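# Per-entry structural report
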Amino acid sequence: MKAIRRFTVRPVLPDPLGHLAELARNLRWSWHPRTRELFRSVDPGLWEASGCDPVRLLGGVPPARLAELSRDEDFLRRLGEAAGDLREYVTGERWYQQRSGESAHLPRAVAYFSPEFGITAALPQYSGGLGILAGDHLKAASDLGVPLIGVGLLYRHGYFRQSLSRDAWQQEHYPVLDPNELPLTLLHEADGTPALVALALPGGRSLRAHVWQAQVGRVPLLLLDSDVEENDRGERDVTDRLYGGGSEHRLLQEMLLGIGGVRAVRTYCRLTGHPEPEVFHTNEGHAGFLGLERIHELTGPAVGFDTALEAVRAGTVFTTHTPVPAGIDRFDRELVARHFGPDAELPRVDVGDILRLGMETYPGGEPNLFNMAVMGLRLGSRANGVSTLHGAVSREMFAGLWPGFDPEEVPITSVTNGVHAPTWVAPEVLALGARQIGERRTEDALSVGGSDRWDAVADIPDTDIWELRRTLRGQLVDEVRRRLYASWRQRGAATAELGWIDDVLDPDVLTIGFARRVPSYKRLTLMLRDRDRLMELLLHPERPLQIVVAGKAHPADDGGKRLIQELVRFTDDPRVRHRVVFLPDYGMAMAQKLYPGCDVWLNNPLRPLEACGTSGMKAALNGALNLSVLDGWWDEWFEPDFGWAIPTADGAATDDDRRDDLEAAALYDLLERRVAPRFYERGPGRLPDRWIEMVRRTLTRLGPKVLAGRMVREYVEELYAPAARAHRALDVTAAGELAVWKARVRAAWPRVTVDHVEASATGATAELGATLALRVRVHLGELTPDDVEVQAIAGRVDPEDRITGATPVPLKPVGGPDQEGRRVYEGPLALDRTGSFGYTVRILPAHRLLADGAELGLVTVPSEATGEAAGVLLR
């Protein structure tokens, strides 16, 4: 029989155990080994059965056991130490607070918005890399003391759980999540009633949401939940599941995340006294509406839209995570228009102004589509991709927003992702580090970084490293067999036909891991291009391989499901099923077992479609070697000393099938000729000395780079601090002046011209170190020299006279305008590079409050008649 009502009965802890509730409600336990061990000691069996979730654990501990623990002096001592350590962690000075000389420039608080957060398997509010990255960002910010507030949605079904049918077709299940059984606290008003945020919908309806708080170390994470009694059925379902529903459903989710999220932040700060954020970080376009809400907050009789826009842009950072237009949410303009204006949301903002922020009004765009990433870029004064290569791809992809500028000048920088090492490094690896350099120094190395601490890995004996690797591999073998057995039982197999699982994988065989989402570009089945050759590698009599694969396809992606089915049918083959397995229901709990146990982490996307990819980073921190296409983070940090690069056929292949064939063949060759021999080759001490040395170099040279702590420090220094300074400089008065200036410049720009360019005499060649004297005559129309910067652009030129590696050189005005209003600019141009060298000139808008010279997307260059790029050959 089914219950007609469900509610949660919380345990009553004896007074001496009160700190257990405090520890369970702060998610720092998910990455703090001593706190996890404390909870495990409460009841080891129940700890495992609860999925290592302290809230579920405490809800199931018998009263007799709690009474016993309340009298256990050793347990109470450890409990007191853990509680004291947590208090010191959340209140003490950390990296951010210790930057006393720069504190005036740092933001008092930062609001970080994301549609998903992967903090722990006990809070399943993520689907893949975007959410895991967001979770690692919050944890690293906490470790560093960055005053961040996370903002997301609480999905009552989370993301789907995955299983397989008998014929290997992906099945989706959506378990109901009760927030009262999760490590969450409902935000209440001072009078004890639940805090509510509300959005106005067309037709006089409202979308209301409660605000749940998860405490991620020092960082509060606010999650909005529309499943409240005040809503109608349709509105209650807005936060039903992650990435579900049609266009309007997704639009409402993103309005609630962005608009409702800002309102939740305001409510939280009002109720708790937390400093109001000076910087708002939009993690992918899903949260882009947060800028509109902040504009609406400022807009009124005395403040127009343009002024509010400039004030909001100054303190906004936008991060794009997709390298393909198809990965961006886009909505029909009429759908967006219907949800805004006097009869719906943001009534003080004209619908036309809202639409202009997101419409694809540039060459190659779809003029009737509202693009969330485009809005994010137009609402953010600072933008970044998530690896060096992805930054370049993003500048190409969005170049239409800055016409007249070369892609490399598009104002999108990059901060390469990192991973939160305390979350992803196996306890056994931590223990080895603690023995070598001490527990506290190991924790600091993983959370804050510092190459000096990582260099200590060089002193760890080869035998210890190899024993560790075999231990982790053996644990993975046990985990795989357990999960594979459960999977086959779900597929309908009887116990009697599953005896073969006891022989699946071998703790002494080279183990390769491949786990990620399953869109087509990640090429789950590239390894199957030549099945006979793959079988030879798996079953090699002297140097066998074994492969563990996991991944989920989006519920609506039948193509991805077919890829999973194809792979699983191969793994079902009795000839190879002991050497290659597919594990369903990939998530954080599985990943934390998978990364440490693999010797090699495989990644073979279509280059350059992997924005960053962080799974290989997590594997590397556990001593795995990467075998990957040069894409995402591997493109910038690969070295032959600690991994292998799969050759790509970007320009050589004529079609996708031919490209896959070529790259699969290259993968097989690497595995057969370089990877497997290196693993099985033994030195004088019967150890794989050269393999161990690659592991050591992975840890010492890659380790400090791939940390989320490094990533968050770069966000603080390169994006958050400049955005905070700009936010403070652009109060409403300054923002109004900037808005008026921009309008004046845009109106006058068509009449800005370069009339003539001349240089001191030079022939076809010149000597290195020589200087050209440039003289440029320009017409500024109604603008003045204070409104512009005239630049010489110089560098090497290619055969088509395109300047590469350009260096801008400001030129200075000489005297006033002539009778025709023309002005002369002059300046020296140093010839500082040999080879084919060229220059041109251009005019840009200039203002002290602009974040970048390309911000307005306006540039004037010489006409063909005036003088194109001139070139000389330097000797």
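All residue numbers refer to positions counted from 1 along the written sequence of the respective chain. Local features in a predicted model are, by the rule used here, given only for residues with pLDDT of at least 70; side-chain atom pairs are given and counted only at 80 or more, and totals for whole chains, interfaces and linings are based on all residues. Calculation of side-chain values draws on the structure's entire complement of heavy atoms; hydrogens and water are dropped beforehand.

Here the focus is the sheet that holds strand β20 (residues 600-603). What makes two strands pair is DSSP finding at least two bridges between them. The secondary structure listing takes helices from DSSP runs of H or I that are at least 4 residues long and strands from runs of E that are at least 2 residues long, numbered from the N terminus. As summarised here, the arrangement of the six strands in space is β19-β18-β17-β20-β21-β22, forming an open sheet in which the pairing is parallel. Either end of the sheet is taken by a strand with one partner, and the two such strands are β19 (580-583) and β22 (643-646). Along the sheet, successive strands turn relative to each other by an average axial angle of 20°, direction set aside. Two strands pair when backbone bridges link them, and strand β17 (residues 510-515) and β20 are joined in this way by two bridges, in the parallel orientation. Paired with Ile512 across the two strands is Val600, which belongs to β20. Axis definition: a line fitted to C-alpha atoms, limited for helices to the stretch in contact. Angles are taken between N-to-C directions and run from 0 to 180 degrees.

With that settled, the discussion passes to the packing of aromatic side chains. Pairing of aromatic side chains requires ring centres within 6.5 Å, counting the rings of Phe and Tyr and the six-membered ring of Trp. Pairs whose planes differ by under 30 degrees are stacked, by over 60 edge-to-face, and all others tilted. The final tally for this structure, using the stated rule, is 20 aromatic pairs. Ring pairing ties together the aromatic residues Trp466, Trp644, Phe679, Tyr680 and Trp691, which thus form one cluster. Taking the ring centre of Tyr89 as reference, the NZ or CZ of Arg28 above it sits at 4.2 Å. Any Lys NZ or Arg CZ found within 6 Å of a ring centre and within 35 degrees of that ring's normal is scored as a charge over the ring. If you follow Lys552 out to its NZ or CZ, it ends over the ring of Phe160, 5.0 Å from the centre.

One broad trend across soluble globular proteins is that nonpolar side chains are buried collectively. Formed by 108 residues in total, the largest nonpolar core has its most connected members in Leu510, Met527, Leu627 and Trp691. By the convention used here, residues are in contact when the closest approach between their heavy atoms is within 4.5 Å. Aside from chain neighbours lying at most four places away, what touches Leu627 is Val600, Trp601, Leu602, Asn603, Trp644, Ile646, Leu667, Leu670 and Leu671. Only buried Ala, Val, Leu, Ile, Met, Phe, Trp, Tyr and Cys residues count toward a nonpolar core, and they belong to the same one when joined by side-chain atoms within 4.5 Å. Per-residue accessibility, obtained with a 1.4 Å probe over protein chains only, is compared with the maximum for each type, and a residue is labelled buried under 20%, exposed over 50%, and partly exposed between these values. In this structure, Val61, Val110, Val146 and Val716 belong to the second largest nonpolar core, which totals 65 residues.

Here we take up unusual backbone geometry. With omega at 5°, the peptide bond leading from Arg607 into Pro608 counts as cis. By the secondary structure assignment, Pro608 is in the loop between β20 and α24 (615-621). The backbone of Arg523 sits at a positive phi, close to 55°, despite the residue not being glycine. Position of Arg523 relative to the elements: it lies in the loop between β17 and α21 (531-538). The phi torsion at Asp585 lies on the positive side, around 65°, for a residue other than glycine.

Between its terminal C-alpha atoms helix α26 (residues 656-680) stretches 34 Å, which fits the 36 Å expected from 25 residues at 1.5 Å a residue. Capping the start of α26, Asp655 holds a side-chain oxygen 3.1 Å from the backbone nitrogen of Asp657, two or three residues further along. Every helix has an expected span of 1.5 Å times one less than the residues it contains. Counted as a polar contact is a pair of N or O atoms within 3.5 Å, where, for protein atoms, one must be capable of donating a hydrogen and the other of accepting one, and residues adjacent in sequence contribute only when both atoms are in side chains.

Once that is clear, we can look at helix α9 (residues 247-272). Taking 1.5 Å of rise per residue, the 26 residues of α9 would be expected to cover 38 Å, and the 36 Å separating its terminal C-alpha atoms lies within 8% of that figure. Along α9, the sharpest change in direction is near 35° and occurs at Gly260. Here α9 lies mainly inside the structure; 20 of its 26 residues are buried. Two residues or fewer past α9, Gly273 is found with a positive phi of approximately 80°. What we call the bend at a residue is the angle made by axes fitted to the seven residues finishing there and the seven residues starting there.

So, on to the pairing of β19. The side-chain alternation of β19 yields two buried faces, one formed by Val580 and Phe582 and the other by Val581 and Leu583. When strand β18 (residues 545-550) meets β19, the two strands line up parallel, connected through four bridges. Along β19, the bridge assignment pairs Val548 with Val581. In this fold, the crossover linking β18 to β19 by way of helix α22 (residues 558-571) has right-handed handedness. With its strands directed away from the observer, a crossover is right-handed exactly when the path from the first strand over the helix to the second travels clockwise.

Bringing the environment of Pro175 into the picture now. Secondary-structure assignment places Pro175 in the loop between β6 (170-173) and β7 (185-186). When the C-alpha positions of Pro175 and Arg161 are compared, they lie 7.6 Å apart, and in sequence the two are 14 residues distant. Once you skip the residues sitting within four places of it in the chain, Pro175 turns out to touch Arg156, His157 and Arg161.

Further remarks concern the packing of helix α11 (residues 305-314) against helix α29 (residues 732-748). Two elements in contact, α11 and α29, have axes separated by 8 Å at closest approach and are oriented at 115°. By the angle between their directions, the pair α11 and α29 is classed as roughly perpendicular. In terms of crossing hand, the pair formed by α11 and α29 is right-handed. Side by side, α11 and α29 meet where Asp306, Thr307, Glu310, Ala311 and Arg313 of the first sit next to Val732, Ala735, Gly736, Leu738, Ala739 and Lys742 of the second. Comment on the angle field: the value is read as roughly parallel under 35 degrees, roughly antiparallel over 145, roughly perpendicular from 65 to 115, and oblique elsewhere. Should the near helix be turned anticlockwise from the far one by less than a right angle, the crossing is termed left-handed; should it be turned clockwise, right-handed.

Let's shift gears to the pattern of salt bridges. Think of a salt bridge as a Lys or Arg side-chain nitrogen and an Asp or Glu carboxyl oxygen that are within 4 Å of each other. Throughout the structure, instances matching the rule amount to 63 salt bridges. Residue Glu278 pairs with Arg108 through a salt bridge whose shortest N-O separation is 3.1 Å. Here the residue Glu278 occupies a position in the loop between α9 and β11 (279-283), and Arg108 occupies one in the loop between α6 (73-91) and β1 (110-113), the gap between them amounting to 170 residues. By relative accessible area, Glu278 is classed as buried at 1%. A salt bridge links Arg701 to Glu639, with the shortest nitrogen-to-oxygen separation between them at 2.1 Å. Taken together, the positions of Arg701 in helix α27 (residues 689-702) and Glu639 in the loop between α25 (632-637) and β22 put the pair 62 residues apart, joining distant regions of the chain. Here Glu639 falls in the partly exposed class, since its relative accessible area comes to 25%. Within this structure, Asp462, Glu639, Asp641, Glu693, Arg696, Arg697 and Arg701 form a network of salt bridges that share partners.

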